[in-house]
Amino acid sequence: MTAVSLADGIPLPMKRRGVANWVRSYLAMLRWDMTNTRLMIPILAFAQAISGAGLVLGFGLLIPSQPPLVAAYLVTGAAVVTLIMVGAAVGPQLVAQQKMEGSYDFMWSLPVPRSAAAMSWVTLNAIIAVPGMVAALVAGALRFDVSFAITPMVVPAVLITIVSGTLLGYALSHAIPKPEVTLLVSQILIFVIFGFAPIAFPAENLPSWMATTHQYLPFVHMANIIRDSLVDGIATDVAHSYLVLAIWSVVAIAVSAAVLRRRK
Amino acid sequence: MTTATAEVRIRSGVGFWLASYGNMLRFDMVNLRIYLGLVLVVQILMGGGMAYMYGFYFGDISNVARTFIVTGIPALALIPVGFVMVPGAIMNHKIKDTYDFVWSLPVPRLASAAATYTLFTTLAIPGTIVSLWIAHIRYAVTLDISWSIVPAILLTSLMATSVGFSFAHAIPEPRLTNLVTNLIIFLALMFSPIVVPINQFPGWWAAVHRVLPFYHMANVIRAGLSTGLVDSVATSWLVLAIWTCLSWLLAAWVVGRRR
């Protein structure tokens, strides 16, 4: 970067555009977000790990003799549930908390590109979510002897799941002005993701109208691509799932961008 | 009834206690009016909603397993009221700093506690029945309802309310109470023999559940809704009664002390 100087030698502040500025802002925001939530991160990550492993072990108790297919669904599904839960439900709760504390507007007054702030948020959510996913898989391997066939596709699958899930939650929490409503919506989302989305059980167990609806929602596709990268022979039509998730990500980015660009 | 209507009322006697109880019942009802609707919603989600959810996870199951789910649902619908909403109401007082005010009201503390017990015990009943009805529609099993379902639901509801009441008062930090309620829900939904037979659990964990109240709640209610699925129901009644009495003792100690 060429430094422009005033006559008396004091350098001007760096111009606020360009890739270097974006990266710098992203790193600064990431440090900011991490420091801001430093007390929450270990607790949330731990809670995710507990709920991921708990989902596997709990249903292992309730359904003691599981056929391998059901067990594979349960284990991979528990991993996916914890991943989605963080971005779509825990993230919005953190934003709602910022709004209630009154620190929300201050955050947006920081001199960083809002896209850098958004990506920092996605990174933070990934840090919280990944331990839960690992815990679910480890618990599953120990409890059910699921034979994993992990492919490199696990990296893009987990990435797109976290990015699209987090951005959906992000759009939701920024588009809804009242934090109380955000909290309520995120509670409902937890309920739907946990119980009424065919993530940890086959879609055939749902009534057909619900299964059809889920073809257009992102959750079942997130589960499909992650399952495809972890075990053999369950996932079908993976390309279609990637396409649906790409569309959902674009929608979430567009909504987030529209909300964040708006000035009060 | 006393004929002496002096300016200063004497704050003792059965009449005063009953009047205080009536007043506190009214006070709680007005205070918690938003809760009244919320209780029903939460119960239908936790009871009726879980009936559907378990169905999705369990897939195709036998008739006995279906009956187990349906007869476990009322207990599942009662748990959030006693173990979450009662502590939530008390937590709210602590967070909003109205806790000390409630105790400063000139009523016997026993009357105040009895009002809370009465309110939540009765409040939980409609949601329980609706949840049972939803589960019954979902699984279409034949229930064999006996008169013992009435005391079963009343005692389980009273037990849950009493336990929730005493631990919410006993734990000074409301955030800790919140954590405890979340743990209880997690435990009840995923790790308790409520919608499945207890003998499919590993021995040590089943032994833990023979001490905890959740299994016994489901057991006495199941005995009132079906025949042939339940054994040692007398033990379950006894365990629930013990939990109720112990929680009353704890509540009496916590509520009675002065700071």
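Cut-off values and rules
Residues numbered from 1 in each chain as written. Chains lettered and ligands numbered in written order. Predicted model: local features only at pLDDT ≥ 70, side-chain atom pairs only at ≥ 80, totals over all residues. Helix = DSSP H or I, 4+ residues; strand = E, 2+ residues; numbered from the N terminus. Rg over C-alpha atoms; globule rule 2.2 N^0.38 Å. Buried ≥ 20, exposed ≤ 12 C-beta atoms within 10 Å, placed from the backbone. Contact = placed C-beta atoms within 7 Å. Core = buried A, V, L, I, M, F, W, Y, C linked by C-beta atoms within 7 Å. Axes fitted to C-alpha atoms, helices over the stretch in contact; angles between N-to-C directions. Left-handed = near helix turned anticlockwise from the far one by under 90°. Nonpolar A, V, L, I, M, F, W, Y, C, P; charged D, E, K, R; others polar. pLDDT = per-residue confidence, 0-100. Expected span 1.5 Å × (residues − 1). Bend = angle between axes of the 7 residues up to and from the residue.

*Asks:* Break down the overall build of chain B for me, citing the residues and quoting the values.
*Replies:* Helix and strand counts for chain B stand at 10 helices and zero strands. Traced from its N-terminal end to its C-terminal end, chain B shows the element sequence α-α-α-α-α-α-α-α-α-α. Taken against the 2.2 N^0.38 rule, which gives 18 Å for 259 residues, the C-alpha radius of gyration of chain B at 20 Å falls within 12% of a compact globule. In terms of principal-axis extent, the alpha carbons of chain B reach across some 70 × 40 × 35 Å. The burial tally for chain B puts 41% of its 259 residues in the buried class. Put simply, of all contacts in chain B between residues at least 6 apart along the chain, 85% involve residues at least 24 apart.

*Asks:* Break down the nonpolar core for me, with residues and values.
*Replies:* All names here are of chain A. Core analysis: the largest hydrophobic core is formed by 139 residues, its most contacted members being Val75 and Ala136. The leading source of residues in this core is helix H3 (residues 68-101), at 20 residues. Excluding anything up to four places from it in sequence, Ala136 contacts Gly52, Ala53, Leu55, Val56, Val75, Ala78, Ala79 and Thr82.

*Asks:* Kindly report on the environment of Pro126(B), identifying the contributing residues and their values.
*Replies:* Structurally, the position occupied by Pro126(B) is in helix H5 (residues 109-139). Spatially, the C-alpha atoms of Pro126(B) and Ile44(B) are 9.8 Å apart, while their sequence positions differ by 82 residues.

*Asks:* Run through the packing of helix H2 (residues 33-58) of chain B against helix H3 (residues 63-95) of chain B, naming residues and quoting values.
*Replies:* Residues and elements named next belong to chain B. Running from N to C, H2 and H3 point in directions that differ by 145°, and their axes come no closer than 9 Å. Handedness of the crossing formed by H2 with H3: right-handed. Residues Tyr35, Val39, Val42, Gln43, Met46, Gly47, Met50, Ala51 and Tyr54 of H2 form the contact with H3, whose own contacting residues are Ile69, Ile73, Leu76, Ala77, Pro80, Val81, Met85 and Ala89. In terms of residue class, the contact of H2 with H3 is made up of 15 nonpolar, two polar and no charged.

*Asks:* Residues and numbers for the interface of chain A and chain B, please.
*Replies:* On the chain B side, the residues contacting the 14 residues of chain A number 13 residues. Elements with a contribution of two residues or more to the side of chain A that touches chain B: helix H2 (40-62) and helix H7 (179-195) of chain A. Top contributing element to the side of chain A that touches chain B by residue count: H2(A), with five residues. For the side of chain A that touches chain B, the class distribution of residues is 10 nonpolar, four polar and no charged.

*Asks:* Give a description of the environment of Leu30(A) that names residues and reports values.
*Replies:* Residue and element names in this part refer to chain A. Here Leu30 shows up in helix H1 (residues 19-36). Along the backbone, Leu30 and Val138 are 108 residues apart, and their C-alpha atoms lie at a distance of 29 Å. Not counting chain neighbours up to four residues away, the residues in contact with Leu30 comprise Ser120 and Thr123.

*Asks:* Talk me through the confidence of the model for chain B; I want residue IDs and the actual numbers.
*Replies:* With 96% of its residues at a pLDDT of 70 or more, chain B shows a mean pLDDT of 88. On the interface metric, ipTM, the complex scores 0.76, and its pTM is 0.80.

*Asks:* Pulling in residues and values, what's your account of unusual backbone geometry?
*Replies:* Positive phi is not limited to glycine here, since Asp237(A) has a value of about 55°. By the element assignment, Asp237(A) lies in the loop between helix H9 (219-230) and helix H10 (238-261). Even without glycine at this site, Asp97(B) takes up a positive phi of about 65°. Look at Asp97(B) and you get exposed, because 8 C-beta atoms sit within 10 Å.

*Asks:* Quick one: what's the story with H2(B), residue by residue and with numbers?
*Replies:* With 26 residues, H2(B) should reach 38 Å at 1.5 Å per residue; the first-to-last C-alpha distance of 37 Å fits that figure. Helix geometry: H2(B) is bent most strongly at Met50(B), by close to 35°. For H2(B), the set of buried residues is Tyr35(B), Gln43(B), Met46(B), Gly47(B), Gly48(B), Gly49(B), Met50(B), Ala51(B), Tyr54(B), Gly55(B) and Phe56(B). Close packing links the buried residues of H2(B) with H7 of chain A together with H3, H5 and helix H7 (174-190) of chain B. Looking one or two residues past H2(B), Gly59(B) carries a phi angle of roughly 70°, positive in sign.

*Asks:* Before we move on, can you summarise the environment of Ser148(B) with the specific residues and values?
*Replies:* Residues and elements named next belong to chain B. Position of Ser148 among the secondary structure elements: in the loop between H5 and helix H6 (149-170). For Ser148 and Met50, which are 98 residues apart along the polypeptide, the C-alpha to C-alpha distance reads 25 Å. Look past the residues within four positions of Ser148 in its chain and what remains in contact with it is Ala223 and Gly224.

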